[in-house]
Amino acid sequence: MASPSLDAVVVGSGPNGLAAAVTLARAGLSVQVLEAEETLGGGARTLDLGLAPGIVHDICSAVHPMALASPFLREFDLAARGVRTIVPEVSYAQPLPGGDAGIAWHDIERTAEGLGPDGPSWRRMFEPLARHADAVTALALGDKRSIPPEVLSPAGLTAGARFGLRVLQQGTRAWDSPLRTERARALLTGVAAHGISPLPSLAGAGVSLLLASLAHAGGWPIPVGGSQAIADALLEDLRAHGGSVAAGRPVRSLADLPPARAVLLDTSADDAARILGRSIPRRTARGLRRLGHAGAAAKVDLVTSGPIPWAHADVGRAGTVHLGGTREQVAAAENQVLAGRFPEHPVVLVSDPAVADPSREVGGLRPIWAYAHVPVGGMEDPTEAVIAQIEASAPGFRDTIVAARGIPAVRMGEHDRAIVGGDIAMGTITMFRMIARPRAVWDPYRLSDDGHFLCSSATPPGPGVHGLNGHFAARRVLRERFGIRRAPDLGPGG
């Protein structure tokens, strides 16, 4: 039998698939990426949905807290490759009933001032973590199998210990300490809801503490022109190093793949089991399916004739707005989702990218990006629920709507097949499942002795546009399949 013509084939052109492909190509391997959709970038695509002339929407990810923090993307150096990002002066906001709001400014001192009696507690909680954000990020976004070097310095060890203790506090029923006011509690709870996990929970606490720390460190940047800029930079580098990409190539089984010495799947764990079939042990396939799905997101894309008329003026400065009300209301809605019920008032994430990037406004019209947290596989159209949640904190919002498109959770996979039933996290989010992801094994990326690997958000460190799942998987492929132990240089001049 002839030797495979390719060293590696990657299934899926999302950020993790592209990160894996770039890592392999930069090590000198021949790499091909296969993408089921006709457009490239997976969850980091920006497309014209036909809702209004010249208006483009981010298909999945819109705001990128990890873009400036991810060790992979930092070394890759998006800025040096022409990717411009803008950091809003308000990272995120949490409107409350009655017109009040919690405001997380990029400036931690300004945030503390706005939290009144909870200002000193907020400062004590986040200032040390933001000051050592590199160590906190490396710990939170590691492969959960090794200690990152950033954590091994005295300052890193201290920051890591503080992060761990605060996760234990905020992840249990003790989460009301040290914050006493509803404004501060709700502000932190809205960030915890990004994980679509039980609240309170250790996983939710880890998400909230990491993202809130980054909000006061590098901020939550928005790529100029949309998320596609990140995917395009990765694609350009891949091609520059000899890699190839084929769109419109769905992979249903191994028969759809060209011969290669390694196969990396940027897919859900379920799809990985289905594609690989009998080529992986039954126990492995069962483990992949057992990861399961907890909560989901349903998407609403809107076009408006102007900025969202938030009742609280400073909310209009935020790159991301969390809607859901008080800490108790947000927790109740998230826990209903995980119990399989569509909340009457779901948690909604909203971004008006033109707040930071004026180029997104065309002819006085601007795109609005929104997610509602709903049960996996939910069939309800989220449009009215999302509009009602925004209207409650922005009276008159309905009058600005020019066009809207809602996508139920059950149909989210139509534009990205990895999002099974709307599960944008690609698997259950619990502290156990952040470590034993997708299975309780030492090497979570390797699926067989024949060169099959998983490189998606269904592996550590979990969801987020950081590319680390793909990078970690590719490092293992280099070592195990090709005997290459030294990581390739990812910088622009590498």
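See above for the structure.
Heads up: these notes are all about the structure in this document. (Residues numbered from 1 in each chain as written. Predicted model: local features only at pLDDT ≥ 70, side-chain atom pairs only at ≥ 80, totals over all residues. Heavy atoms only, no water.)

## Side note on the sheet that holds strand 14 (residues 366-375)
What holds strands together in a sheet is hydrogen bonding between their backbones, with the strands either parallel or antiparallel.
At step 1: Spatial ordering of the open sheet is given by 7-6-12-13-14-11-15, a layout of seven strands whose pairing is mixed. Strands with a single pairing partner mark the edges of an open sheet, and in this sheet they are strand 7 (101-105) and strand 15 (401-407). Strand-to-strand twist of the sheet, defined as the mean angle between neighbouring strand axes without regard to direction, takes the value 20 degrees.
At step 2: Direction of pairing for strand 13 (residues 348-351) relative to strand 14: antiparallel, over a ladder of four bridges. Bridged to L349 within strand 14 is Y371. (Pairing = 2+ DSSP bridges. Helix = DSSP H or I, 4+ residues; strand = E, 2+ residues; numbered from the N terminus. Axes fitted to C-alpha atoms, helices over the stretch in contact; angles between N-to-C directions.)

## Some thoughts on the pattern of salt bridges
At step 1: Under the definition given, this model contains 24 salt bridges.
At step 2: Among the ionic pairs, R81 bridges to D237, the shortest N-O distance being 2.9 Å. Here R81 is found in the loop between helix 2 (71-76) and strand 5 (85-86), whereas its partner D237 is found in helix 9 (residues 228-240), with 156 residues between them in sequence.
At step 3: Judged by relative accessible area, R81 falls into the partly exposed class, the value being 21%. (Salt bridge = Lys/Arg side-chain N within 4 Å of Asp/Glu carboxyl O. Buried < 20%, exposed > 50% of the residue type's maximum accessible area, 1.4 Å probe, protein only.)

## Observations concerning the side chain of D423
At step 1: Take D423: it is sitting in the loop between strand 15 and helix 14 (431-435).
At step 2: For the buried D423, no salt bridge exists, and the shortest N-O distance to an oppositely charged side chain is 6.3 Å, to R437.
At step 3: A distance of 2.6 Å separates the side chain of D423 from the backbone nitrogen of G427, its partner in a polar contact.
At step 4: Each residue touching D423, except ones within four places of it in the same chain, is listed here: G292, H293, G295 and A296. (Lys, Arg positive; Asp, Glu negative; His and termini not counted. Polar contact = N/O pair within 3.5 Å; in protein donor to acceptor, adjacent residues only side chain to side chain. Contact = heavy atoms within 4.5 Å.)

## Considerations on the environment of T284
At step 1: Mapping T284 onto the fold places it in helix 11 (residues 282-290).
At step 2: Expressed as a C-alpha distance, the spacing of T284 and R439, which sit 155 residues apart in the sequence, is 8.0 Å.
At step 3: Leave out the neighbours within four places in its chain, and T284 touches R439 and L447.

## Notes on the layout of surface pockets
At step 1: By volume, the second largest pocket amounts to about 460 Å³.
At step 2: What lines the second largest pocket is a set of 22 residues, and nearest its centre among them are P149, L468, H471, F472 and R475.
At step 3: Listing elements by their share of the lining of the second largest pocket, those giving two or more residues are helix 2 and helix 15 (468-482).
At step 4: Looking at the lining of the second largest pocket, the element that brings in the most residues is helix 15, giving six residues. (1 Å grid on protein atoms, 1.4 Å probe; cavity = no way out; pocket = protein on both sides within 12 Å on 5 of 7 lines; lining within 4 Å. Points joined across faces, edges and corners; volume = space filled by probe spheres on them.)

## Side note on the pairing of strand 2 (residues 31-34)
At step 1: With burial as the criterion, each face of strand 2 is covered, one bearing V31 and V33 and the other bearing Q32 and L34.
At step 2: Pairing analysis gives four bridges linking strand 1 (residues 6-11) to strand 2, with the strands arranged parallel. Counterpart to A8 in the pairing with strand 2 is V31.
At step 3: Taking the sense of rotation as the criterion, the β-α-β connection linking strand 1, helix 1 (residues 15-26) and strand 2 turns out right-handed.
At step 4: Examined bridge by bridge, strand 2 and strand 9 (residues 244-246) share three bridges and lie parallel to one another. Bridge assignment links Q32 to a residue of strand 9, and that residue is S244. (Right-handed = clockwise from strand over helix to strand, strands pointing away.)

## A look at empty space enclosed by the protein
At step 1: Inspection of every chain in the model, using the stated rule, returns two cavities of 30 Å³ or more.
At step 2: When its volume is computed, the largest cavity comes out at roughly 60 Å³.
At step 3: In this structure, the largest cavity is lined by Q170, W175, L188, T189, A192, L199, P200, S201, G204, A205, S208 and R327.
At step 4: Of all the secondary structure elements, the ones that give two or more residues to the lining of the largest cavity are helix 7 (182-192) and helix 8 (202-216).
At step 5: Residue composition of the lining of the largest cavity, by class: six nonpolar, five polar and one charged.
At step 6: Counted as a void, the second largest cavity has a volume near 30 Å³.
At step 7: Looking at the second largest cavity, the residues that line it are R475, L478, R479, I484, R485, R486 and A487. (Nonpolar A, V, L, I, M, F, W, Y, C, P; charged D, E, K, R; others polar.)

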